[in-house]
Amino acid sequence: MDLLEQYIESHTSPEDELLVELDRETHQRVIQPRMISGRVQGRFLELLVRMLRPRTVLEIGTFTGYSALSMAAGLEEGAVLHTVEIDDEMEPIFRPFFERSPHGDKICVHIGSALDIVPQLGMKFDLVFVDGDKREYPAYYRMLMGDDSGCPSVHSGSVILADNVLWYGKVVEELPRTDRFTQAILDFNRMVADDPRVEQVILTIRDGLNLIRVK
Ligand SMILES: C[S@@+](CC[C@H](N)C(=O)[O-])C[C@H]1O[C@@H](n2cnc3c(N)ncnc32)[C@H](O)[C@@H]1O
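The numbers attached to residues start from 1 for each chain and follow its sequence in the written order. Only residues with pLDDT of at least 70 are given local features in this predicted model, and only at 80 or more are side-chain atom pairs given and counted; all residues enter the totals for whole chains, interfaces and linings.

Quick look at the overall build of the protein chain
At step 1: The helix and strand labels rest on DSSP assignments: H or I over at least four residues marks a helix, E over at least two residues marks a strand, and numbering proceeds from the N terminus. On a plain count of helices and strands, the protein chain comes out with eight helices and seven strands.
At step 2: Here the globule rule is a power law, 2.2 Å times the number of residues to the power 0.38, and the radius of gyration is based on C-alpha atoms. Taken against the 2.2 N^0.38 rule, which gives 17 Å for 215 residues, the C-alpha radius of gyration of the protein chain at 17 Å falls within 12% of a compact globule.
At step 3: Across its three principal directions, the C-alpha atoms of the protein chain cover 40 × 40 × 30 Å.
At step 4: Counting only residues that meet the buried cut, the protein chain has 37% of its 215 residues in that class.
At step 5: Put simply, 71% of the contacts in the protein chain that link residues at least 6 apart link residues at least 24 apart. Working definition of burial: number of other C-beta atoms within 10 Å of the residue's own, with buried at 20 or more, exposed at 12 or fewer, and partly exposed in between, all C-beta atoms being placed from the backbone. Throughout, a residue-residue contact means that the two C-beta atoms, derived from backbone geometry, are no farther apart than 7 Å.

Put into structure tokens, the structure is as follows:
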């Protein structure tokens, strides 16, 4: 971690003990632990939820549950977070943490691809956190906006927050022809910026968050 990141972390509200434990366990048990949101982004998610006061939240990409627990901590009583994870091997990791958390009962887990599950839910979400497979970001966006089905999963005033939109700086580097991850992020950022139905800004928190509001 560089000095500026250390400074930001040490001047951000501390992590909950359970999240410290989850972070440690993620680093011990998972091959790519750097996918975890971590302290600064976790606190940002929690604060955003507390400020927007959504009743329905969708997360695409639970992973080990750090961002889900962070958002659940900001949710009001009666509000629900639906989180979708394609990899069922993550469930034995996040499930015990959801059960131990005082906010776990606000989380509803779905195992499978968000591209299949979200249309089946037939819901409209006040807030969506997009953090699944980067190559699928354009497809998630089309699905959420109802471009192919005519049934959007968002409404006027909904907020979509997409993670990793700077993709470790690769969005401004020369693109190898085989790099489908960076190409999809470039396509996603372009389609959002060109979409007159939304207003948005890219925040340079961690690996970049595209904060999008449906008009
Ligand atoms: C970057 S990680 C999510 C990190 C997590 N949100 C956090 O902050 O701790 C991406 C996750 O998305 C999952 N994923 C990939 N494609 C998916 C899909 N189509 N539907 C649901 N989850 C998906 C992956 O298995 C992986 O666990």
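There's more to say after this.
Focus: the sheet that holds strand S4 (residues 125-130)
At step 1: Pairing in this open sheet of seven strands is mixed, and the strands run S3-S2-S1-S4-S5-S7-S6 from one edge to the other. Strand pairing shows two members of the sheet lacking a second neighbour, strand S3 (107-111) and strand S6 (198-203), which therefore form its edges. Here the strands of the sheet are splayed against their neighbours by 15 degrees on average, with no regard to which way each runs.
At step 2: In this structure, strand S1 (residues 56-60) lies alongside strand S2 (residues 80-85), joined through five bridges in parallel fashion. From the neighbouring strand, Ile-60 faces S2, where its bridge partner is Val-84. For two strands to count as paired, DSSP must find a minimum of two bridges between them. Fitted lines through C-alpha atoms give the axes, limited to the stretch in contact for helices. The angle between two N-to-C directions lies from 0 to 180 degrees.

Brief notes about the packing of helix H3 (residues 38-52) against helix H4 (residues 66-74)
Pairs of packed helices are described in terms of their axes, by the angle between the two and the distance that separates them.
At step 1: Their axes nearest at 7 Å, the elements H3 and H4 cross at an angle of 35 degrees. In this structure, H3 crosses over H4, and the sense of that crossing is right-handed. Residues Gly-42, Leu-45, Glu-46, Leu-47, Val-49 and Arg-50 of H3 pack against Tyr-66, Ser-67, Ser-70, Met-71, Ala-73 and Gly-74 of H4.
At step 2: Note on residue classes: Ala, Val, Leu, Ile, Met, Phe, Trp, Tyr, Cys and Pro are nonpolar, Asp, Glu, Lys and Arg are charged, and everything else, Gly too, is polar. Counted by class, the contact of H3 with H4 contains six nonpolar, four polar and two charged residues. Throughout, a crossing is termed right-handed when the near helix is turned clockwise from the far one, and left-handed when it is turned anticlockwise from it by less than a right angle.

Concerning H3
At step 1: Helix length check: H3, at 15 residues, gives a terminal C-alpha distance of 21 Å against a target of 21 Å (1.5 Å per residue), a fit within 8%.
At step 2: Backbone geometry just downstream of H3 places Arg-53 in the positive-phi region, at approximately 55 degrees. By definition here, a helix of n residues has an expected span of 1.5 Å times n minus one.

What is shown is where atoms sit, not what they do.
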